[in-house]
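# Residue-level structural notes
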Protein chains: 2
Amino acid sequence: MSATSITTPNQAMPQDFATVFARLKPHMAALDVFLRGQLEAFEPEIRDMADYCIDTSGKRIRPALVFLSGWTGDEAIPADVVRVAAVVELVHLATLVHDDIMDEADLRRSRRTASREYGPEAAVLLGDALFAHALHLAAQFPTPEICHAVSDSTRKVCAGEIVQTLRRGTTNITREDYFRVIDLKTAELFRISCFLGGKLGGYPSEYVEAVTRFGRHLGIAYQIYDDLADFFGQETRIGKTLGTDLQSGKVTLPLLALLDRLPADDRALLVDEILHRREPDLAVRIRQMGELGIFAVVTAEVETELVHAEEALAPHGALAPTALLKQLCDTLRNQVRNLQLPVGV
Amino acid sequence: MSATSITTPNQAMPQDFATVFARLKPHMAALDVFLRGQLEAFEPEIRDMADYCIDTSGKRIRPALVFLSGWTGDEAIPADVVRVAAVVELVHLATLVHDDIMDEADLRRSRRTASREYGPEAAVLLGDALFAHALHLAAQFPTPEICHAVSDSTRKVCAGEIVQTLRRGTTNITREDYFRVIDLKTAELFRISCFLGGKLGGYPSEYVEAVTRFGRHLGIAYQIYDDLADFFGQETRIGKTLGTDLQSGKVTLPLLALLDRLPADDRALLVDEILHRREPDLAVRIRQMGELGIFAVVTAEVETELVHAEEALAPHGALAPTALLKQLCDTLRNQVRNLQLPVGV
């Protein structure tokens, strides 16, 4: 990629997002109304705080997966699908509240995090209350199946985050270790969103099984993209500070690939820097990644997962959700393509 | 109370506990086996940590309430009752893990807290995983009713803890504010334990409704006792450091009663101390409480709640659980009686 790509504003990603998400506008509006209505269920003392957490400008990817996986036409926004979309979003919001405590983050999507707004103590409990309410909504279905699936996924997400947290500042991490963590912490909630959407859409079990696999691979692809964006993103576009993973000693796939390919002495320096939690030099790492072709290596991994995702849906091309879900894959491809390489690389 | 009561070891409480809890020995053993078995369900990476949290020497009051409220005879330990006892205990253990993070506590029941053992970051998520697994177990019942009740209670417990946390270091707290918080943070889980026990015991709805009210009043009584013990307990017996509430700026009923009764100038000093989070002098406050009869005032509140609890069960004297539950009230009465007043008061 040449230097020009930095100065040319590339509008492809927002437009792509618009294509898929435009059709979900009424669904997302219904979700918003539903989530606002849930505030009544919170104890009056914590209602404003719950409102603060819900009132985000998030992408709502997981609800989108619920809606798209169970897609039966533009007109249909069944109440139970909206409820399940709210369940997965609340679980996700709860994990964000807890993540921001651990990362000591000041801002999320340009607003103070709940942890900064109410203090970490209250934020721990507020995240708990959001979790509890998600499960409460899940328990409003006639059978305990939804509750079962959501609570199981929630535990897996937590397990993934715990393992990642405990590994910070360590470097003896394999590619398999990395994939295991993102499978748990990210792919699991994508997976269950697709499962629940497909199920509530009334589709046959073969499709539900297929779209569940689709969700998992898309989730893995998305997390790898996200980890790549931490090195190669544009801050204004991805909406967060670059290099936060490196800063916090989190060894993600781009860094693993770099460790793999660096000459022994440079590698030893990087390992030493991570182990001793020394202030990292992001620019140096990005330059090294550029020189060693890490961007291409990692995007190839994203592509592999996207192909797996599409393959899962291949036998179900005739069903309404399939084309829309494939558009999601292309959206992510575009996002990856639009990540910025630094000047001169 | 005279000085002699300090040097005379008073064995009444443990014996009382023994009376009621002796009959629950096989139940608690079944609960232990069940909880150990649950570790398998946790992801291998976090199994040891979950084990660490479950492996406590806690009193398991909430499971006891499940077992006693649904009591149908010494021989009966139905599997679903054990499962629901595990659910309420896991919710409780999760709140303890999160409480210990917020209180920056080093020890709980003579062991390092999960927060100290694994770090607060991992402990936040570990608490979440325990919550999630509790709900997962709740979802294993044929109807979503249990999940519904438990998730609702969990949110209430969190709401109570949040309000309490945000009020730390403030003094404009009414008696009603205090009771609202303990209703949410403590009585709710006692209440739901009794509800679920009665329900699973197959008892008629009038009894279930009555034992649910019993649980709530017992929970309120228990929390008032616990708050009193923070000033008047024996550290070796209650197993925690005295004065932690005062230290953390938590205004509980004994302190509210003291604020009410202190002469204006002394009151202003105490308010100022709390507002400015100045190092409190526990001995002074205990002496003042002794002089102003606060012990009697607060124990009267415990008694009022215990009477309400017993009254709820009055129409159900013929049912097997009733006598056992009343013994629990007497146990708490004895515990209150055995709190130590300081020398010379």
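Rules and cut-offs
Residues numbered from 1 in each chain as written. Chains lettered and ligands numbered in written order. Predicted model: local features only at pLDDT ≥ 70, side-chain atom pairs only at ≥ 80, totals over all residues. Contact = placed C-beta atoms within 7 Å. Helix = DSSP H or I, 4+ residues; strand = E, 2+ residues; numbered from the N terminus. Nonpolar A, V, L, I, M, F, W, Y, C, P; charged D, E, K, R; others polar. pLDDT = per-residue confidence, 0-100. Expected span 1.5 Å × (residues − 1). Core = buried A, V, L, I, M, F, W, Y, C linked by C-beta atoms within 7 Å. Buried ≥ 20, exposed ≤ 12 C-beta atoms within 10 Å, placed from the backbone. Axes fitted to C-alpha atoms, helices over the stretch in contact; angles between N-to-C directions. Parallel < 35°, antiparallel > 145°, perpendicular 65-115°, else oblique. Left-handed = near helix turned anticlockwise from the far one by under 90°. Least-squares fit on C-alpha atoms with pLDDT ≥ 70 in both.

### A short note on the interface of chain B and chain A
At the interface, 37 residues of chain B touch 39 residues of chain A. When residues of the side of chain B that touches chain A are traced back to their parent elements, those giving at least two are α6 (79-102), α8 (120-138) and α9 (145-167) of chain B. Among the elements that take part in the side of chain B that touches chain A, α9 of chain B stands out by supplying 14 residues, more than any other. Partitioned by chemical class, the residues of the side of chain B that touches chain A number 21 nonpolar, eight polar and eight charged.

### Structural notes on the confidence of the model for chain A
The predicted model of chain A has a mean per-residue pLDDT of 88, with 91% of residues at 70 or higher. Interface confidence for the predicted complex, given as ipTM, is 0.85, next to a pTM of 0.89.

### With respect to helix α15 (residues 264-275) of chain A
If you check α15 of chain A, its first and last C-alpha atoms are 16 Å apart, about what twelve residues at 1.5 Å a residue would give, namely 16 Å. Following α15 of chain A by one or two positions, Arg277 of chain A has its phi on the positive side, about 45°.

### As for the nonpolar core
Counting 220 residues, the largest nonpolar core has Leu126, Leu130 and Ala134 of chain A together with Leu126, Leu130 and Ala134 of chain B as its most contacted members. Beyond its immediate chain neighbours, meaning those up to four positions away, Ala134 of chain B contacts Val87, Leu90, Val91, Ala94 and Val150 of chain B.

### Concerning the environment of Ile46 of chain A
Along the polypeptide, Ile46 of chain A turns up in the loop between α3 (25-38) and α4 (47-54). The spatial distance from the C-alpha of Ile46 of chain A to the C-alpha of Ala129 of chain A is 9.2 Å, given a sequence separation of 83 residues. Contacts of Ile46 of chain A, omitting those with residues within four sequence positions, involve Leu126 and Ala129 of chain A together with Ala159 and Ile162 of chain B.

### A look at the packing of helix α6 (residues 79-102) of chain A against helix α8 (residues 120-138) of chain A
All names here are of chain A. Where α6 contacts α8, the axes come no closer than 8 Å and their chain directions differ by 165°. Taken together, the axis directions place α6 and α8 in an arrangement best described as roughly antiparallel. Helix-helix and strand crossings are classified by hand; for α6 and α8 the assignment is left-handed. Contact with α6, carried on its side by Arg83, Ala86, Val87, Leu90, Val91, Leu93, Ala94, Val97, His98 and Ile101, involves Pro120, Ala123, Val124, Leu126, Gly127, Leu130, Phe131, His133, Ala134, Leu137 and Ala138 of α8 and no other residues of that element.

### Comments concerning the relation of the copies chain B and chain A
For the match of chain B to chain A, the screw axis carries a shift of 0.0 Å, the RMSD comes to 0.0 Å, and the turn is 180°. Viewed as a symmetry operation, the transformation between the two copies matches a two-fold axis. Residues of chain B ranked by C-alpha distance from the rotation axis are headed by Pro144 of chain B, positioned 2.3 Å from it.

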